[in-house]
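Here is what each chain is made of, one letter per residue.
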Amino acid sequence: IVKESAKLGIKKIRITGGEPLVRAGIVNLIGRINNIPGIEEIYLTTNGILLADKLEELKLNGLKGVNISLDSLKEERFSKLTRLGKLENVLAIDKAIELGIKVKLNTVIVNDVNKDEIIDFVNLTKEKPIDIRFIELMPIGIAINYKGVTNEEVLKVIEDNYTDYEKV
């Protein structure tokens, strides 16, 4: 599929899942995709729990960037939200940056869960060369019990905390 897509002019490939890092042979798959003429960028969307241990191999095989789903920067809250993994494993951000891998964070902000962390996430982008995307809560499964924060509400929090918010 990727070979045919490249022939049609597709240059960027994103590997998603479930969780692509649990797939046997994921590093090899990225390497094979990287060798297809015309493919210029390969990105991976991950929850980040297995990322730290595989970053160097992924980079060597052509990975250009990662989108990490991360909804809290607080260890206890992260553990409660994900029910597995450790925040320190997900925070492989510095290692990725060191390796020249572009980092983007996807963050769902939820009232009464992590709304108090909006500015923490914004500040993270000021400290490190990463992008963050605040994405809306999908009201399916257990998420129907929560109220997501709208993009307008996120912007309001940022405006209230930064006079130069347009630069943020």
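Keep in mind it's a predicted model, so treat the numbers as computed, not measured.

**So, the overall build of the protein chain**
Consideration 1: From N to C terminus, the protein chain includes 8 helices and 5 strands.
Consideration 2: Taken against the 2.2 N^0.38 rule, which gives 15 Å for 168 residues, the C-alpha radius of gyration of the protein chain at 17 Å falls within 12% of a compact globule.
Consideration 3: Overall, the C-alpha framework of the protein chain stretches about 50 × 35 × 30 Å when taken along its three principal axes.
Consideration 4: The proportion of buried residues among the 168 residues of the protein chain is 39%.
Consideration 5: Restricting the contact set of the protein chain to residue pairs at least 6 apart, pairs at least 24 apart contribute 66%.
Consideration 6: Here the protein chain carries 25 positive and 26 negative side-chain charges, and the mean point of each set is 7 Å from the other.

**Regarding helix α3 (residues 51-60)**
Consideration 1: Within α3, burial applies to Leu51, Ala52, Leu55 and Leu58. Take α3 and look down its axis: the buried residues cluster within an arc of 100 degrees, on one side only. Away from its buried face, by an angle of more than 90 degrees, α3 presents the exposed residues Asp53 and Leu60.
Consideration 2: Positive phi appears at glycine 62, one or two residues downstream of α3, with a value of about 110 degrees.

**Quick word on the environment of arginine 133**
Consideration 1: Along the chain, arginine 133 turns up in strand β5 (residues 131-135).
Consideration 2: Among the residues examined, arginine 133 registers a relative accessible area of 41% and is labelled partly exposed.
Consideration 3: Sequence-wise, arginine 133 and serine 69 are 64 residues apart; in three dimensions their C-alpha atoms are separated by 9.7 Å.
Consideration 4: Leaving out residues up to four positions away in the same chain, arginine 133 has contacts with Asn67, Lys104, Leu105, Asn106 and Thr107.

**Looking at the side chain of asparagine 111**
Consideration 1: The topology assignment puts asparagine 111 in the loop between β4 (102-108) and α7 (118-127).
Consideration 2: Exposure remark for asparagine 111: the relative accessible area of 16% places this residue in the buried category.
Consideration 3: Apart from residues lying up to four places away in sequence, asparagine 111 is in contact with Lys147, Gly148 and Val149.

**Considering the environment of valine 110**
Consideration 1: Positionally, valine 110 belongs in the loop between β4 and α7.
Consideration 2: Note on valine 110: relative accessible area 8%, which makes it buried.
Consideration 3: Considered as a pair, valine 110 and asparagine 61 are 49 residues apart in the sequence and their alpha carbons are 36 Å apart.
Consideration 4: Each residue touching valine 110, except ones within four places of it in the same chain, is listed here: Lys115, Leu137, Tyr146, Lys147, Gly148 and Val149.

**A short note on the environment of isoleucine 140**
Consideration 1: Following the sequence through the fold, isoleucine 140 ends up in the loop between β5 and α8 (151-161).
Consideration 2: According to the relative accessible area criterion, isoleucine 140 is exposed, its value standing at 61%.
Consideration 3: Counting along the chain gives 62 residues from isoleucine 140 to phenylalanine 78, while the straight-line C-alpha distance between them is 20 Å.

**Observations regarding α7**
Consideration 1: If you check which residues of α7 are buried, you get Ile118, Ile119, Phe121, Val122 and Leu124.
Consideration 2: Where α7 is buried, its residues meet α6 (93-98), β4, β5 and α8.

**A look at the sheet that holds β4**
Consideration 1: The 5 strands are arranged β1-β2-β3-β4-β5 in an open sheet whose pairing can be described as parallel. Two strands close off the open sheet at either side, each with one partner strand: β1 (12-15) and β5. Mean inter-strand twist for the sheet, computed between neighbouring axes without regard to direction, equals 20 degrees.
Consideration 2: As paired strands, strand β2 (residues 41-46) and strand β3 (residues 65-69) are joined by 4 bridges and run parallel to one another. Of the residues in β3, the one forming a bridge with threonine 45 is asparagine 67.

Cut-offs and rules
Residues numbered from 1 in each chain as written. Predicted model: local features only at pLDDT ≥ 70, side-chain atom pairs only at ≥ 80, totals over all residues. Heavy atoms only, no water. Helix = DSSP H or I, 4+ residues; strand = E, 2+ residues; numbered from the N terminus. Rg over C-alpha atoms; globule rule 2.2 N^0.38 Å. Buried < 20%, exposed > 50% of the residue type's maximum accessible area, 1.4 Å probe, protein only. Contact = heavy atoms within 4.5 Å. Lys, Arg positive; Asp, Glu negative; His and termini not counted. Charge placed at Lys NZ, Arg CZ, Asp CG, Glu CD. Arc of directions from axis to C-beta. Pairing = 2+ DSSP bridges. Axes fitted to C-alpha atoms, helices over the stretch in contact; angles between N-to-C directions.

Everything listed here is a matter of geometry and, on its own, says nothing about what the molecule does.
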